[in-house]
Amino acid sequence: MSEKVCIGCGIELQSENPNKNGYIPQEKLKESTGHYCQRCFKIKNYGQYIPVKMTRDDYRKEVQSEMKNAKLAIAVFDIIDFEGSFDVEILDVLREMDSIVVINKLDLIPDQKHPSEVANWVKGRLEEEGIAPLDIAIVSSKNGYGINGIFKKIKYFYPNGVEALVLGVTNVGKSSIVNRLLGVKTVTVSKYPGTTLKSVKKQIPHTNITLVDTPGLIPEGRFSDLVCEKCNLKMVPANEISRKTFKVDKNRVLVIGQLLWFKVLNDDGVKPIFSLYAAKDVMFHETNADKLKELLDTQRGDILYPPCDECRDKYNSLEKVTHRLTIKTGQELVFKGLGWISVKRGPLEIELVCPKEAGISIRSAFI
Ligand code: GDP
């Protein structure tokens, strides 16, 4: 067994089995330091994705063993997919340890939303869960906004240094934040989920602060995890989120990709108005209830994307459920790992069809 670890994902390196995690050719391993396993090397240099699965049990074990030494948790959530990133496993850790909560991807929300409003909203959500963090930082690891603030907060609470556990589900930008804090680009950042396999310890240069980058957990209920990796990528907004506003009559149906659809049931003559938010590659289509079946049967990828041709059959075979929902003015209906609708004039009464395992919830308006 080798004692060397991959500087990208933290896995122990081995040259015995190319099909197992941590593989590196023997001749590369002989070179002095700074090794990437073959998987991280491919992600880094060719953007190639090699999936790995980490179970919740493995995750819990890994985090619990790191909690023995760490005094502080830095938990990262995605402002664009807050519900998708608000995982019970991470909330459990926050109930046990001092924490700084980091809300990432501020660059993706409209300018008029002030970071302090975001912080107050998050504070409320954490309070509902019985969590009171030491502080909340609103950041964008993409443009660097607020990163220095995280550093200052750690130094303020731990002037003599600390080992801090960095936690978050996949795709929230955890590795990007760690890299920003370290000021170097070593931890593998990928648009693909599940890139970091083992905890990676790194000291912030010239400080006594050690960051323990834990593996990203794949949470339950994200629409983006029910499609193939290619579609998953398209569903994680990178540069902007698209918004479209609808004013609809009874019996009109909105189809989002071919991921979910809902029929408007309002019967009182007042048309509900709502806006739909998602990554710009996700298509929205409006039709009449009596044309829905025909439309879905066409399986036209040019108007019903995602899923793509490759993962459509698998997605369509997932067991579907029908929800009857009422969303009031000022409320939002959230589709985990996909987007949300914000009701401007309600109530909006709908009958929604989506896979059983997809997560939906109603919250008070955020944007
Ligand atoms: P991890 O799985 O949580 O470690 O996430 P990564 O750091 O690998 O990032 C996941 C994806 O989100 C990548 O495509 C990043 O470029 C993107 N990303 C990370 N931080 C930000 C951010 O602040 N803004 C935007 N727009 N994208 C981000």
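You'll find the structure just up there.
Residues numbered from 1 in each chain as written. Predicted model: local features only at pLDDT ≥ 70, side-chain atom pairs only at ≥ 80, totals over all residues. Heavy atoms only, no water.

Next up on the list: the packing of aromatic side chains. Summed over the entire model, instances satisfying the criterion amount to ten aromatic pairs. Pairing Phe 246 with Phe 284 gives two aromatic rings, centres 6.4 Å apart and planes at 65°, and the pair type is edge-to-face. Residue Phe 246 is found in strand β7 (residues 241–247), and its partner Phe 284 is found in strand β11 (residues 284–288); the two are separated by 38 residues along the sequence. Owing to a relative accessible area of 4%, Phe 246 belongs among the buried residues under this scheme. Judged by its relative accessible area of 17%, Phe 284 is buried. Consider the rings of Phe 262 and Phe 274, whose centres lie 5.9 Å apart with planes at 55°: the pair is tilted. Placement of the pair is Phe 262 in strand β9 (residues 260–264) and Phe 274 in strand β10 (residues 273–279), with a sequence separation of twelve residues. Each member of the pair, Phe 262 as well as Phe 274, carries the same accessibility label: buried. Aromatic rings pair up to connect Phe 77, Phe 82, Phe 86 and Trp 121 into one cluster. Lying over the aromatic face of Phe 86, Arg 125 brings its terminal NZ or CZ to 5.5 Å of the ring centre. Positioned over the ring face of Trp 340 is Arg 363, at 5.4 Å from the centre of the ring. (Phe/Tyr/Trp six-rings, centres within 6.5 Å; stacked < 30°, edge-to-face > 60°. Helix = DSSP H or I, 4+ residues; strand = E, 2+ residues; numbered from the N terminus. Buried < 20%, exposed > 50% of the residue type's maximum accessible area, 1.4 Å probe, protein only. Lys NZ or Arg CZ within 6 Å of the ring centre and 35° of its normal.)

Here the focus is the sheet that holds strand β16 (residues 360–364). Backbone hydrogen bonds hold the strands of a sheet together, and the pairing may be parallel or antiparallel. Read across the sheet, five strands follow the order β7-β10-β14-β13-β16 without closing on themselves; strand pairing throughout is antiparallel. Among the strands making up the open sheet, the edge pair consists of β7 and β16. The sheet shows a mean angle of 20° between the axes of neighbouring strands, taken without regard to direction. Examined bridge by bridge, β10 and strand β14 (residues 339–345) share six bridges and lie antiparallel to one another. Considered in β14, the bridge of Phe 274 is made with Val 343. (Pairing = 2+ DSSP bridges. Axes fitted to C-alpha atoms, helices over the stretch in contact; angles between N-to-C directions.)

Scanning the model with the defined rule gives 26 salt bridges in all. Note that Asp 213 and Lys 174 form a salt bridge whose closest N and O atoms lie 2.7 Å from each other. Of this pair, Asp 213 sits in strand β6 (residues 209–213) while Lys 174 sits in helix α8 (residues 174–182), and the two are 39 residues apart along the sequence. Exposure class is identical for Asp 213 and Lys 174. Each is buried. Three or more residues joined by partner-sharing salt bridges are found here, namely Arg 56, Asp 57, Arg 60, Asp 87, Glu 89 and Glu 220. (Salt bridge = Lys/Arg side-chain N within 4 Å of Asp/Glu carboxyl O.)

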